[in-house]
Amino acid sequence: MTSTPGPRAPASSKPEPTAAAQAVAWLHTARFLTTAPRLEHLPATEVPEIAFVGRSNAGKSTCINTLTQQKRLAFASKTPGRTQAINLFALGKQGLTDAVLADLPGYGYAAVPKADKIRWQQVMANYLVTRENLAGVVMLVDPRHGLTELDEILLEVIRPRVEAGMKFLVLLTKADKLNRAEANKALSIARLQTAGGEVKLFSALKKQGVEEASLLLWNWAHPEQT
Ligand SMILES: Nc1nc2c(ncn2[C@@H]2O[C@H](COP(=O)(O)OP(=O)(O)OP(=O)(O)O)[C@@H](O)[C@H]2O)c(=O)[nH]1
Ligand SMILES: [Mg+2]
């Protein structure tokens, strides 16, 4: 991203940290806020909220841990379906919350009973349609699986909000498992499938895409300063 300036450096005689470095430092302030088994248990928030959505096991919780540089803020696991509630994390320096990250349960995990699956799809859809302060959605896709049917449904659910100005980013996760040709192919297919939306490669293992994603999130949460 070269077009949108990032966080402003504080006035000081020290060399100014880059916008990306400040965005990364801002994400590191993340702390657990609350967990809600159902939508109606989620507290209303006053600040911009950024939700991480995607198929079960896509790497949402790992992505949050990587972006916030914390090992176990969000629960990541080899077992799909690990995140079963909506978990909120507060962001902001000096204990002042200026944004919230939401780790949502993954969808599409085969072993989940059908009734639970449908319930969760409804919770997700409700959240994405009704959550008032939702400023942006990060959709995580494992490019080795491509977009699943549920990803497509979710895209349709959020399309009106994206058209109304909500921010949207697709992260192709586990990019460390792709070679360069596969990565380029995955990028172009995802760009087509998301109608030209913003798509980036991400690897928690190699810390690929961390600065870019951090800057975007900072900009989403501070539109008045960008
Ligand atoms: N190689 C590699 N593995 C990753 C990466 N990100 C996540 N994983 C692995 O993928 C598995 C699932 O990661 P999670 O972060 O728990 O996935 P999730 O999307 O939160 O899953 P649910 O909570 O079930 O929806 C774990 O074994 C992670 O270690 C990555 O960038 N590279
Ligand atoms: Mg998770």
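Up top is the structure these notes are about.
All residue numbers refer to position in the chain's written sequence, counted from 1. Going through the entries in the order they are written, you letter the chains from A and number the ligands from 1. In keeping with the predicted nature of the model, local features appear solely for residues at pLDDT of at least 70, side-chain atom pairs appear and are counted solely at 80 or more, and the whole-chain, interface and lining totals rest on all residues. Each side-chain value is derived from all of the structure's non-hydrogen atoms; neither hydrogens nor water enter the calculation.

Student: Help me out: how do you make sense of the sheet that holds strand β6 (residues 167–172) in this one?
Tutor: Any two strands with at least two DSSP-identified bridges between them are counted as paired. Labels follow the DSSP assignment, with helices taken as runs of H or I lasting at least four residues and strands as runs of E lasting at least two, numbered in each case from the N terminus. What the seven strands build is an open sheet, ordered β1-β3-β4-β2-β5-β6-β7; its pairing is mixed. Each of the sheet's edge strands pairs with one partner strand only, and the pair in question is β1 (31–36) and β7 (198–201). Averaged over all pairs of adjacent strands, the angle between strand axes in this sheet comes to 25°, irrespective of strand direction. In this fold helix α4 (residues 149–163) packs onto β2 (49–54), β5 (134–141) and β6, with an angle of close to 155° to the strand it touches most, β5. Axes, fitted as lines to C-alpha atoms, cover a helix only where it is in contact. Angles between the N-to-C directions of the axes lie from 0 to 180 degrees. For this analysis, residues touch if any pair of their heavy atoms sits within 4.5 Å.

Student: Where do I start with the pattern of salt bridges in this structure?
Tutor: When charged atoms on two side chains of opposite charge get close, those side chains can pair. Within this document, salt bridges are pairs made up of a side-chain nitrogen of Lys or Arg and a carboxyl oxygen of Asp or Glu, the two lying within 4 Å of each other. Counted under the stated rule, the structure contains five salt bridges. In this structure, Glu-49 and Arg-131 form a salt bridge, with 2.9 Å as the shortest nitrogen-oxygen distance. Within this pair, whereas Glu-49 is found in strand β2, its partner Arg-131 is found in the loop between α3 (114–130) and β5, the two being separated by 82 residues in sequence. The partner of Glu-198 in a salt bridge is Lys-200, and the shortest N-O contact between them spans 3.5 Å. Burial classes: relative accessible area under 20% of the type maximum marks a residue as buried, over 50% as exposed, and values in between as partly exposed (1.4 Å probe, protein chains only). A relative accessible area of 12% places Lys-200 in the buried class. Through salt bridges that share partners, Glu-198, Lys-200 and Glu-212 make up one connected network.

Student: Help me out: how do you make sense of the nonpolar core in this one?
Tutor: Generally speaking, a soluble globular protein has its nonpolar side chains buried in company with each other. In this description, a nonpolar core means a group of buried Ala, Val, Leu, Ile, Met, Phe, Trp, Tyr and Cys residues linked to one another through side-chain atoms lying within 4.5 Å. By size, the foremost hydrophobic cluster in this structure holds 38 residues, and its most contacted members are Val-53, Ile-86, Tyr-127, Leu-128, Met-139 and Leu-172. It is α3 that contributes the most residues to this core, five residues altogether. Counting residues in each nonpolar core, the second largest holds 30 residues, with Ala-23, Leu-101, Leu-171 and Val-210 among its members.

Student: Quick question: what am I supposed to make of helix α2 (residues 60–68) here?
Tutor: Residues that lie three or four places apart on an α-helix share one face, since the helix turns once every 3.6 residues. When you tally the buried positions in α2, you get eight out of nine residues, the bulk of the element. Taken as a whole, α2 has its buried residues at Lys-60, Ser-61, Cys-63, Ile-64, Asn-65, Thr-66, Leu-67 and Thr-68. Just past α2, the residue Gln-69 takes up positive phi, approximately 55°.

Everything listed is a geometric property; what it means functionally is a separate question.
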